[in-house]
Amino acid sequence: MASVYKSISKTISKDIKDDDGIKRNKQRVLVLTSRGVTYRHRHLLKDVVAMLPHSRKDAKLDTKSKLYHLNEIADLYNCNNVLFFEARKRQDLYMWMSKAPNGPCIKLHVQNLHTMEELNFTGNALKGSRPILSFDAAFDQTPAMTLIKEVLLHIFGVPKGARKSKPFVDHVLSFTIADGKIWFRNYQISEAEPTKKVDDDIEKSMSLKSKKPTEQTELSLVEIGPRFVMTPIIILEGSFGGPVIYENKEFVSPNAVRTDLRNRRAQKYNSRTEEQQRLEIKRKELGLEVGKAKGELDESVLFA
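Residues numbered from 1 in each chain as written. Predicted model: local features only at pLDDT ≥ 70, side-chain atom pairs only at ≥ 80, totals over all residues. Heavy atoms only, no water.

## Some thoughts on the environment of Phe 228
- Structurally, Phe 228 is set in strand β10 (residues 227-236).
- The exposure class assigned to Phe 228 is buried, which follows from its relative accessible area of 1%.
- Measuring from C-alpha to C-alpha, the distance between Phe 228 and Val 110 comes to 6.7 Å, with 118 residues separating the pair along the chain.
- Setting aside residues no more than four positions away along its own chain, Phe 228 makes contact with Leu 44, Met 95, Val 110, Gln 111, Asn 112, Leu 113, Ile 182, Trp 183, Phe 184 and Arg 185. (Helix = DSSP H or I, 4+ residues; strand = E, 2+ residues; numbered from the N terminus. Buried < 20%, exposed > 50% of the residue type's maximum accessible area, 1.4 Å probe, protein only. Contact = heavy atoms within 4.5 Å.)

## Describing the environment of Met 51
- Of note, Met 51 is situated in helix α2 (residues 39-51).
- According to the relative accessible area criterion, Met 51 is buried, its value standing at 8%.
- A C-alpha to C-alpha distance of 6.8 Å links Met 51 and Gly 128, two positions 77 residues apart in sequence.
- Met 51 has contacts with Val 158, Leu 173, Phe 184, Asn 186 and Pro 226, leaving out every residue within four places of it along the chain.

## Quick look at the nonpolar core
- Counting residues in each nonpolar core, the largest one holds 35 residues, and the members touching the most others are Leu 83, Phe 85, Met 97, Phe 139, Phe 156 and Phe 175.
- Counting residues per element, this core draws most heavily on helix α5 (residues 143-156), at seven residues.
- Judged by nonpolar contacts, the second largest core, of 19 residues, contains Leu 32, Leu 70, Phe 240 and Phe 251. (Core = buried A, V, L, I, M, F, W, Y, C linked by side-chain atoms within 4.5 Å.)

## Some points on the packing of aromatic side chains
- For the coordinates displayed, the defined rule picks out seven aromatic pairs.
- A network of ring pairs unites the aromatic residues Phe 135, Phe 139, Phe 156, Phe 175, Phe 184 and Phe 228 as a single cluster.
- One Lys or Arg, Lys 107, reaches over the ring of Tyr 94 and ends 4.8 Å from the middle of that ring. (Phe/Tyr/Trp six-rings, centres within 6.5 Å; stacked < 30°, edge-to-face > 60°. Lys NZ or Arg CZ within 6 Å of the ring centre and 35° of its normal.)

## Comments concerning α2
- With 13 residues, α2 should reach 18 Å at 1.5 Å per residue; the first-to-last C-alpha distance of 19 Å fits that figure.
- Looking at α2, one finds that the buried residues are His 41, Leu 44, Leu 45, Asp 47, Val 48 and Met 51. Viewed end-on, α2 has its buried residues packed into an arc of 165 degrees, placing them on one side of the element. Exposed side of α2, more than 90 degrees from the buried face: Tyr 39 and Lys 46 are the residues found there. (Expected span 1.5 Å × (residues − 1). Arc of directions from axis to C-beta.)

## Overview of the pattern of salt bridges
- Inspection of the entire model under this criterion finds ten salt bridges.
- The partner of Arg 40 in a salt bridge is Glu 118, and the shortest N-O contact between them spans 3.0 Å. Within this pair, whereas Arg 40 is found in helix α2, its partner Glu 118 is found in helix α4 (residues 116-119), the two being separated by 78 residues in sequence.
- Take Arg 40: its relative accessible area is 27%, and that puts it in the partly exposed class.
- Note that Glu 223 is salt-bridged to Arg 227, the shortest N-O span being 2.8 Å. (Salt bridge = Lys/Arg side-chain N within 4 Å of Asp/Glu carboxyl O.)

Structure (structure tokens):
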């Protein structure tokens, strides 16, 4: 029993620390989609994979009901995070974020999707660079949002020394909560030299000094995309399974919204036809159609 404990402790210590004794944040993300995605969903997947140098892209998943197979696929590719895009009816997009193989798992509805090709922003970022993650203070107010923040940190936070990553930090990933939704934005860190507007007297005084003035660059954020909005739906205790530990009661599925719109249009049509029939009956009762010229297809002529 002691030998088994020693072997397990050695493997755990190797996973946490490298040979030099420094702790490493080893995170790898498996990114894939389901069948039935549109071209915009494919472009979003391409943008996300470009932002995550520690990700591993896989082929489309054939099933939409047996999502627990993703744990086995993640184990084959040595990934401990799964980012799965599920398309429904070729228009609705859902995002699954899971910590394989033990969980938790978060399901979100993606709306207001705009890819980098659609936006055509002037900013640009180095491919493979590490981002700075910026979270809203509202993430720390509820336990559910705190858990979502931690999962987002593991998936979108590129660890130092990750595969295909570069030792540069030149963009910011912003996660903001508004109206019960998570708004995702990607900004480039732009550096520019400050504009020098100095009077003649100040220039003379600076020239007399022996020390050179410190030059500071002006930092600004330029959006590069993509951008989308995520609505949390449920949080499962396990990875693509297990009991529900959080459910968003305010979420309304897009199918219910479309059904409500169809029912409203049908109700307007039915009320309009009923009103026309009521007016025709009222005209007949009042005899307003007596002076009308009767045609050959009129009911009083055909059934006389």
